[in-house]
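Residue-level structure breakdown
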Amino acid sequence: MNQDNRKIIHIDMDAFYASVEQHDAPELKGKPIAVGGSSERGVVAAASYEARKFGVKSAMSSMIAAKRCPGLIFIKPRFERYREVSYQIREIFYEYTDLVEPLSLDEAYLDVTINKKNISSASQIAREIRAKILEKTGLTASAGISVNKFVAKIASDYNKPNGQKTVTQEEILDFLGPLKIQQFYGIGKVAAQKMRDMGIFNGKDLRDLSLEFLEQNFRNMGLHYYQIARGIHNSPVNPNRQPKSVGGENTFEKNLKSIQEMQAALVPIIQKVVDRLAKKEVKGRSITLKIKFDDFSVITRSQTGDEYVDQFDEIYKIINELLILENPRKPVRLLGVSISQLNLYAEKTVQLKIPFPALKKGL
């Protein structure tokens, strides 16, 4: 099916973990809270909108967050509770379509081109879903609606919190043109900085470049950047999407030269991986340390055990052992941690039902 015939919704819960905590403990409403550990090694998993006003954000060191926001309240994560609420939300999605692709506990893609309620407007479906989520859970959600997953995901951020944005096929170029390059889903920090250094600051700047230029400067990502600048993204909504690994990495502004620096730098990376494992409801048996040196050479070191792990202390212990065994003797510019050989028992496969006749009216 051509993308201009599809109707894709991206639903993204608003500050999900923090909002669940504020809903369950009304005395926290209106207060700046951070879900995560408050210790020296703690990392913010999620921040309420009240905390975000002070610059507190996910993956930030808890120590830095506390300095930015005096009076910040730290709440220990309750992933079982977040999963419970997430399942309630997914039940609402399945009222409309079986083509649901969860990305994490708090966001998912829905293909409603053909839907169970025979509603021609994807925008109306998004409004109904958001209203039902609020009624059932007391939480707000934002939505992006478009002809493909890429544009829908960007659009869901446009009117956050508790809003939605529809971008039709005809509106895509005007919508993407003024967006800052870092707002493009799939362009990471390193690539975005490289683009800014080259004078590429927004979607229009990127769209003005030839495919040849992008492939010369960004190699195998050149075609991808060429397409997303034009809003081209043909990946279907995959209801059986399964992660092969979960990871995180960080490129440092200054090269790391000592084991102690590397050990400290690994803490927030591992915490990010732990949070992602919890979001995806998986554990893994194989743990990999990635090291990129100042000469851009890369090595990986792995250890595979008999037990599935998902806890910070378990993963840090193994990563630290791998680091000490390697004992890097060159300056390090990047460290990464990934978990593979995942247990995928938690994901549900959905039996697709016979669809209604296709509806081709507007979004």
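Structural notes, computed from the coordinates. Note that the coordinates shown come from a computational prediction; the quantities given were computed from them, not determined experimentally.

1. What to know about the sheet that holds strand 6 (residues 107-111)
If you trace the 5 strands from one edge of the open sheet to the other, you get 5-6-1-7-8, paired in mixed fashion. Both outer strands of the open sheet, strand 5 (100-104) and strand 8 (164-166), are each paired with one neighbouring strand and no more. When strand polarity is set aside, the average angle formed by the axes of neighbouring strands in this sheet is 15 degrees. Pairing analysis gives 3 bridges linking strand 7 (residues 141-146) to strand 8, with the strands arranged parallel. When the bridges of strand 8 are listed, Ile145 appears paired with Thr166. Set on the sheet, helix 5 (residues 122-137) makes contact with strand 1 (8-13), strand 6, strand 7 and strand 8; between it and strand 7 the angle comes to about 165 degrees. Seen against the sheet, helix 6 (residues 149-156) touches strand 1, strand 5, strand 6, strand 7 and strand 8 and runs at an angle of roughly 145 degrees to strand 7.

2. Considerations on the pattern of salt bridges
Taken as a whole and assessed by the stated rule, the structure comprises 18 salt bridges. Salt-bridge contacts for Asp24 lead to Arg81; the nearest nitrogen and oxygen are separated by 2.8 Å. One end of the pair, Asp24, is in helix 1 (residues 16-24); the other, Arg81, is in helix 4 (residues 79-93), and 57 residues separate them in sequence. When its relative accessible area of 31% is taken as the criterion, Asp24 is described as partly exposed. Two residues, Glu84 and Arg81, come together in a salt bridge whose shortest N-O distance is 3.4 Å. Within this pair, Glu84 and its partner Arg81 are both found in helix 4, separated by 3 residues, close to a single helical turn. Overlapping salt bridges, with partners in common, bring together Glu21, Asp24, Arg78, Arg81 and Glu84 in one network.

3. Topic: the sheet that holds strand 11 (residues 298-309)
Whenever strands of a sheet pair, they do so through backbone hydrogen bonds, lying parallel or antiparallel. If you walk across this open sheet you meet the 4 strands as 9-12-10-11, and the pairing is antiparallel. Of all strands in the sheet, those bounded by a partner on one side alone are strand 9 (245-256) and strand 11. Neighbour to neighbour, the strand axes of the sheet diverge by 15 degrees on average, direction disregarded. Note that strand 9 and strand 12 (residues 332-342) share 8 bridges and pair antiparallel. Counterpart to Leu256 in the pairing with strand 12 is Val332. Packing against the sheet, helix 12 (residues 259-280) makes contact with strand 9, strand 10 (284-293), strand 11 and strand 12, and its axis sits at approximately 155 degrees to strand 9. Contacting strand 10, strand 11 and strand 12, helix 13 (residues 312-326) crosses the sheet at an angle of about 40 degrees to strand 10.

4. Structural notes on unusual backbone geometry
In this model, Lys160 is joined to Pro161 through a cis peptide bond whose omega is -10 degrees. Mapped onto the fold, Pro161 is located in the loop between helix 6 and strand 8. With a phi close to 55 degrees, Asn162 is a non-glycine residue in the positive phi region. If you trace the backbone, Asn162 turns up in the loop between helix 6 and strand 8. Unusually for a residue other than glycine, Arg219 sits at a positive phi of about 50 degrees. Along the chain, Arg219 turns up in the loop between helix 10 (211-218) and helix 11 (222-228).

Cut-off values and rules
All residue numbers here refer to positions counted from 1 along the written sequence of the relevant chain. Restriction of local features to residues with pLDDT of at least 70 applies here, the model being predicted, together with a cutoff of 80 or more for giving and counting side-chain atom pairs; totals for whole chains, interfaces and linings are based on all residues. The side-chain numbers reported here are obtained from all heavy atoms of the structure, hydrogens and water having been left aside. In this description, strands pair whenever DSSP reports at least two bridges between them. We count a stretch as a helix when DSSP gives it H or I for four or more residues in a row; a strand needs E for two or more, and each element gets its number in order from the N terminus. Every angle, taken between N-to-C directions, lies between 0 and 180 degrees, and every axis is a line fitted to C-alpha atoms, over only the stretch in contact when it is a helix. We call two residues in contact when some of their heavy atoms are within 4.5 Å. A side-chain nitrogen of Lys or Arg and a carboxyl oxygen of Asp or Glu constitute a salt bridge if their distance falls within 4 Å. Each residue is placed in one exposure class: buried if its accessible area under a 1.4 Å probe, protein chains only, is under 20% of its type's maximum, exposed if it is over 50%, and partly exposed if it falls in between.

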